[in-house]
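Chain residues, written in single-letter form:
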Amino acid sequence: MIAFVLLHFIAAAVAPALAPRLDRMIFPVLALVPAATFVWLVPRAASTFRGESYTQTVEWAPTVGLNLDFALNGLSAILALLVTSIGALVLIYCTWYFRLGDTEIWRFSSVLTAFAGSMLGLVLADNIY
C-alpha cells in the first residue's frame, strides 16, 4: 500500500520535467498511476468484503515511536477505490480540458497527482498524528 502512495508522489515530482515534452499527453501518462492502484485494489477490496483486512507498518522515527500505519478494510477499500477511480478519470479529462501549449500544465499535473496520492494516503491511514 505504501508503494502506491509513494508512486503518486514520485509521479508528481517527475511531472514538471515531463510536461514540457508531453504537453497535454502528460495527463494520460499520470492517470496510469491511480489506474494501476485501482487495478491492484480490486481483488483486495473483494477479499476485505469477506472479512479480511490488510495492514502495513513502516517505522518512521522508531526512537520516538512514530510509525506509518496503513490498513485496508471494508470501508477504506471502498474509499480507496473511489479515490483512485475518480483520480484517474479527472486526469484523463484534463487531457481535453487544457489547450495545447498551456503554460500551467506542469504545475497543475503535479499538484493534481500529489493530491490524489494524499487522498489515497488519507483513506488508507490507520493512525493520524
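Fair warning: this is a prediction, and the values are worked out from it, not measured in the lab.

Time to look at the side chain of threonine 113. Summarising the element assignment, threonine 113 is placed in helix 4 (residues 105–124). Classification of threonine 113 by relative accessible area gives buried; the value is 0%. Not counting the four nearest positions on each side in its chain, threonine 113 is found in contact with His8, Ala11, Ala12, Leu30 and Leu91.

Relative to strand 2 (residues 66–72), strand 1 (residues 54–61) runs antiparallel, the two sharing seven bridges. By the bridge assignment for strand 2, glutamate 59 is matched with asparagine 67. Counting the residues that bridge the hairpin from strand 1 to strand 2 gives four residues, and of these glycine 65 lies at a positive phi of roughly 85 degrees.

Core analysis: the largest hydrophobic core is formed by 15 residues, its most contacted members being Phe70, Leu72, Ala80, Leu120, Val123 and Leu124. Residues within four places of phenylalanine 70 in sequence aside, it is in contact with Met1, Ile2, Val5, Tyr54, Thr55, Gln56, Gly121, Leu124, Ala125 and Asp126. With 13 residues, the next largest nonpolar core counts Ala15, Ala19, Ile26 and Ala31 among its residues.

About the cut-offs
Residues numbered from 1 in each chain as written. Predicted model: local features only at pLDDT ≥ 70, side-chain atom pairs only at ≥ 80, totals over all residues. Heavy atoms only, no water. Helix = DSSP H or I, 4+ residues; strand = E, 2+ residues; numbered from the N terminus. Buried < 20%, exposed > 50% of the residue type's maximum accessible area, 1.4 Å probe, protein only. Contact = heavy atoms within 4.5 Å. Pairing = 2+ DSSP bridges. Core = buried A, V, L, I, M, F, W, Y, C linked by side-chain atoms within 4.5 Å.

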